[in-house]
Every structure is written in C-alpha cells, then in structure tokens.
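Working through the structure, step by step
Take a look at the letters that make up each chain.
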Amino acid sequence: MPDQATALRELVSRCTSKQTPPGGKAPRLVVVAGSQAEVGCSTLALNLAVAIRRAGSPVLLLDGDLQHGCLARRCGLPPRGTLSDVLTARKLFDEVILKGPADIQLVPAGAGPEVALPAARGLAEQLPALHRFAELLLVDLGTFVEPLAPVLLPYAEPLLLVTTPDAASVLDTYALVKSLAGREIQVPLQLIVNRAAGPGEAENVHQRLDRCCRQFLQYALGYAGFVPADPAVAAAAACQRTLLTEFADSPASQAIAALADSLFTHKPHTPMPMSGRT
C-alpha cells in the first residue's frame, strides 16, 4: 500500500470539482466550518493545510471569517492585506498571500472594508485564477459567515462540518444542516467530531446526527473522522505555532494527518437528495 505522503501527493491529479466557476478550471474547493464558535474550525483548517503541504501538494488556505479571522495571527504572521481588500478591489491576491508554516500559502482575514454580496460573488469569478497558486483551495469559513457562505458552498467538495460532543454543539450542528437543506444548498457533507474522548464517542455523535438528518431532512451526513481532546492543541496556539510542526507526535496531530489522508485521497460523500424537508 502507498504510504500516507505518497497518497496525498496524488491529491490534485485525482480531484475534480463538481461545479466549475465562471472562467474555467478552478482549484478543488474544500470548506471547513462549524455551527458555533470555539469548536476548532480554524485549528483544524490550519493543520489540515500543513499536513497536505507536507505531503507535497500545494495548498492555498483562505481565511473566510472576514471580520474576525485569526489564521495569520495564529501563525505569527503580520498581514500585508486581507481577503476583504481583495474582494473590494483594493489589493490583488498576489499582494496579500503570505507564506505560512510548512510553506502553505495563506490569505488572511481580519478587520477591513465591509464586503457586500455582489463583491463576495466576485470571488467565485476569481476561483479559476487561483489555480496558478495551488490546485487545492482550503477555506476556513468559521460559523458560516455572510456573505461568503452562499457564494462558496455551491462549489465545495466537500464541506467539512466541525462539531464537538457537547450537547449544545450537536444541536446547533443539526440546526445548521436543516438550514442548508431549507436553502436547498446541495453540498457533500462530512462531519468531523473534534475534542472527542475516543472513536466510540465520536461515532455515536455522528450516528445520532446522521439518523436525525436522514429521518427529518432526507439528507445523509458523511463521517470523516474525529480529533481527540489533546492539551497539545492549546500549547501550540499559545506559542503561535501549528500543532503539526510543534507536536507532530501528539494524538491530535496524528488524527489530523489521518484525516488529511482519508479526505483528500478518496471521493467525498455525496448527500442524499433533499425532499420532504421540515
């Protein structure tokens, strides 16, 4: 069997997007998001990017939380501009992209000019141009911030939905899937259970959510895997380093590396058709 790094190197050649944005071929778009803050979306997105890049695949990580993005700060990088600057035509992508840990490319977010929906729609038109930077575009969308969510989700393959075993987080995750179904947003969903005590707890969370989504929304929820609760995550954040570069042997690092292998070398789950929604 090929090792994890070899398999990940084949990512781009085997990945095709389910919908081509205006302008031609674009990078494969993978969106990471959660139903509430503090479930670990940014940590997961950043470390997935590092795992993919270390395996040899170029990746562009885009911080989609326009006003509260933190990825540049977590990497200890001073921004030269933000995604908001690009969307409002103040800067070009070339001017704001930063080189991050493990040579990932990062487009930061943060306080900047307010972005209206028409400007956000322009991002879809620019997706093909981003192909020259990388053939995988990984977007940290936070808690589905507007106006980027409705613009990017139709092109996502897949949407990685992050939750935790906490009861409130699970309920909010179901509510989010229901919202997507109600808006008739067709996107492959893969659940990641963060801060789980172990595989049993994570699988139980997925089974309960998937059962409810199938029964009431006619929507199947795929399962990507889990990341265990690990003090190394907080330790890495405290020193503005990535988990995979500072604590590569930690349980959470190993789990994220396994997620990267599983998610980016296999065809994403396709949701059931949505009908009879409640």
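The structure we're discussing is the one just above.
Residues numbered from 1 in each chain as written. Predicted model: local features only at pLDDT ≥ 70, side-chain atom pairs only at ≥ 80, totals over all residues. Heavy atoms only, no water.

Examining the sheet that holds strand S8 (residues 222–228)
- The strand order across the open sheet built from 8 strands is S3-S4-S2-S5-S1-S6-S7-S8, with neighbouring strands paired in mixed fashion. Edge positions in the sheet fall to strand S3 (98–99) and S8, since each of these pairs with one other strand and no more.
- Judged from the 5 bridges that link them, strand S1 (residues 28–34) and strand S6 (residues 156–163) form a sheet pairing that is parallel. When the sheet's bridge partners are listed, Leu 29 is paired in S6 with Ala 156. (Pairing = 2+ DSSP bridges. Helix = DSSP H or I, 4+ residues; strand = E, 2+ residues; numbered from the N terminus.)

Details of the pattern of salt bridges
- Under the criterion given, the structure shown has 2 salt bridges.
- Here Asp 94 makes a salt bridge to Arg 132, at a shortest N to O gap of 2.7 Å. Residue Asp 94 is located in helix H6 (residues 93–96), and its partner Arg 132 is located in the loop between helix H7 (117–126) and strand S5 (136–142); the two are separated by 38 residues in the primary sequence.
- Exposure remark for Arg 132: the relative accessible area of 57% places this residue in the exposed category.
- A salt bridge links Arg 214 to Asp 210, with the shortest nitrogen-to-oxygen separation between them at 2.9 Å. With Arg 214 and Asp 210 both in helix H10 (residues 199–217) and 4 residues apart, this pair spans about one turn of that helix.
- Judged by its relative accessible area of 11%, Asp 210 is buried. (Salt bridge = Lys/Arg side-chain N within 4 Å of Asp/Glu carboxyl O. Buried < 20%, exposed > 50% of the residue type's maximum accessible area, 1.4 Å probe, protein only.)

Section: helix H9 (residues 167–182)
- Counted at 1.5 Å a residue, the expected span for H9 with its 16 residues is 22 Å, and the 23 Å between its end C-alpha atoms agrees.
- Residues Ser 169, Val 170, Thr 173, Leu 176, Val 177, Leu 180 and Ala 181 constitute the buried set of H9. End-on view of H9: buried residues confined to an arc of 140°, all on one side of the axis. The exposed set on the far side of H9, more than 90 degrees from its buried face, consists of Ala 167, Leu 171 and Gly 182.
- Buried residues along H9 sit in contact with S1, S6, strand S7 (189–196) and H10.
- Where H9 begins, the side chain of Asp 166 points an oxygen toward the backbone nitrogen of Ala 168, at a separation of 3.1 Å.
- Positive phi shows up at Glu 184, right after H9, with a value of about 55°. (Expected span 1.5 Å × (residues − 1). Arc of directions from axis to C-beta. Contact = heavy atoms within 4.5 Å. Polar contact = N/O pair within 3.5 Å; in protein donor to acceptor, adjacent residues only side chain to side chain.)

Note that all results are geometric; they support no functional claim without further evidence.
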